Amino acid sequence: MKCPKCDHDIRLAFCNRASGLSYTGPTHFEHTIYRDIDLSGAGLRKLIPWKGEWHMAHICEDCGIYTIEYKKAFSRKEVVAIIADMQKEPATAQHSSF
């Protein structure tokens, strides 16, 4: 898979859902107090032990882009299966959750 910014190869990675996936929009800075938006829906997972879930991600070490497919979470078993399938396929294979 290629980086959308620099067109170099990117590598598969996984982002832990429990840590949350938050962002702050530009309009939030107009206020003194605001709440960030958590795309992963981590909720209580941030505070108490929870079963592990991961989002598929891709990293470009050349330009620093880190993309995360946040709408689907994978269990540890599913992540292990994805990695095993990846190791069976040629290095040029592309992996995506869609």
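Reading the values: rules and limits
Numbering of residues starts from 1 in every chain and runs along the sequence as written. Where local features are concerned, this predicted model is filtered to residues with pLDDT of at least 70; where side-chain atom pairs are given and counted, the filter is 80 or more; whole-chain, interface and lining totals use all residues. Calculated side-chain values reflect all of the structure's heavy atoms, with hydrogen atoms and water omitted. Criterion used throughout: strands pair if DSSP finds at least two bridges between them. Here a helix means four or more residues in a row that DSSP labels H or I, a strand means two or more in a row labelled E, and each is numbered from the N terminus. Whenever a helix is involved, its axis is fitted only over the stretch in contact; in every case the axis is a line through C-alpha atoms, and angles between N-to-C directions fall within 0 to 180 degrees. Only protein chains enter the area calculation, which uses a 1.4 Å probe; residues under 20% of their type maximum are buried, those over 50% are exposed, and those in between are partly exposed. Any pair of N or O atoms that falls within 3.5 Å is considered a polar contact. Within protein, one atom must be able to donate a hydrogen and the other to accept it, and sequence-neighbouring residues count only if both atoms are side-chain atoms. The contact definition used throughout considers only heavy atoms, calling two residues in contact when any of these lie within 4.5 Å. Criterion for a salt bridge: a side-chain nitrogen of Lys or Arg within 4 Å of a carboxyl oxygen of Asp or Glu. Residues form patches when they are more than 30% accessible in relative terms and have no salt bridge. Like charges link within 9 Å. Nonpolar side chains (Val, Leu, Ile, Met, Phe, Trp, Tyr) link within 5 Å. Per-residue accessibility takes into account occlusion by the displayed protein chains alone, with areas from the Shrake-Rupley method and a 1.4 Å probe.

(A) Quick look at the sheet that holds strand E5 (residues 66-75). One open sheet holds the three strands; their spatial order is E1-E4-E5, and the pairing between them is antiparallel. Two strands lie at the open edges of the sheet, namely strand E1 (11-16) and E5, each paired on one side alone. Within this sheet the neighbouring strands show an average axis-to-axis angle of 30°, counted without direction. Bridging between strand E4 (residues 53-59) and E5 involves six bridges; their strand directions are antiparallel.

(B) Looking closely at the side chain of histidine 55. In this structure, histidine 55 sits in strand E4. Of the residues examined, histidine 55 reaches a relative accessible area of 1% and is grouped as buried. At a separation of 3.2 Å, a polar atom in the side chain of histidine 55 contacts the main-chain carbonyl oxygen of lysine 72. Contacts of histidine 55, omitting those with residues within four sequence positions, involve Ala13, Phe14, Cys15, Arg17, Ser40, Ile68, Glu69, Tyr70, Lys72 and Ala73.

(C) The arrangement of the pairing of E4 in detail. For E4, the tally of buried residues reaches six of seven residues, placing the bulk of the element in the interior. Bridge count between E1 and E4: six bridges; the pairing is antiparallel. For leucine 12, the partnering residue across the bridge sits in E4 and is histidine 58. The turn linking E4 back onto E5 is made up of six residues, and glycine 64 within it adopts a positive phi angle of 90°.

(D) Spotlight on unusual backbone geometry. Residue aspartate 7 is not a glycine yet carries a positive backbone phi of 70°. With respect to the element layout, aspartate 7 can be found in the segment before E1. Here aspartate 7 falls in the exposed class, since its relative accessible area comes to 51%.

(E) Highlighting the pattern of salt bridges. Under the defined criterion, the tally for this structure stands at three salt bridges. A salt bridge links arginine 11 to glutamate 61; the nearest nitrogen and oxygen atoms lie 2.6 Å apart. Here the residue arginine 11 occupies a position in strand E1, and glutamate 61 occupies one in the loop between E4 and E5, the gap between them amounting to 50 residues. For glutamate 53, the salt bridge goes to arginine 17, with nearest N and O atoms at 2.9 Å. Here glutamate 53 is found in strand E4, whereas its partner arginine 17 is found in the loop between E1 and strand E2 (22-23), with 36 residues between them in sequence. Taken individually, glutamate 53 and arginine 17 each receive the classification buried, so the pair is uniform in this respect.

(F) Structural context of a nonpolar patch on the surface. Taken together, the side chains of Tyr23, Ile37, Leu39 and Tyr70 present a nonpolar region at the surface, about 310 Å² in accessible area. Along the chain, leucine 39 falls in the loop between strand E3 (37-38) and E4.

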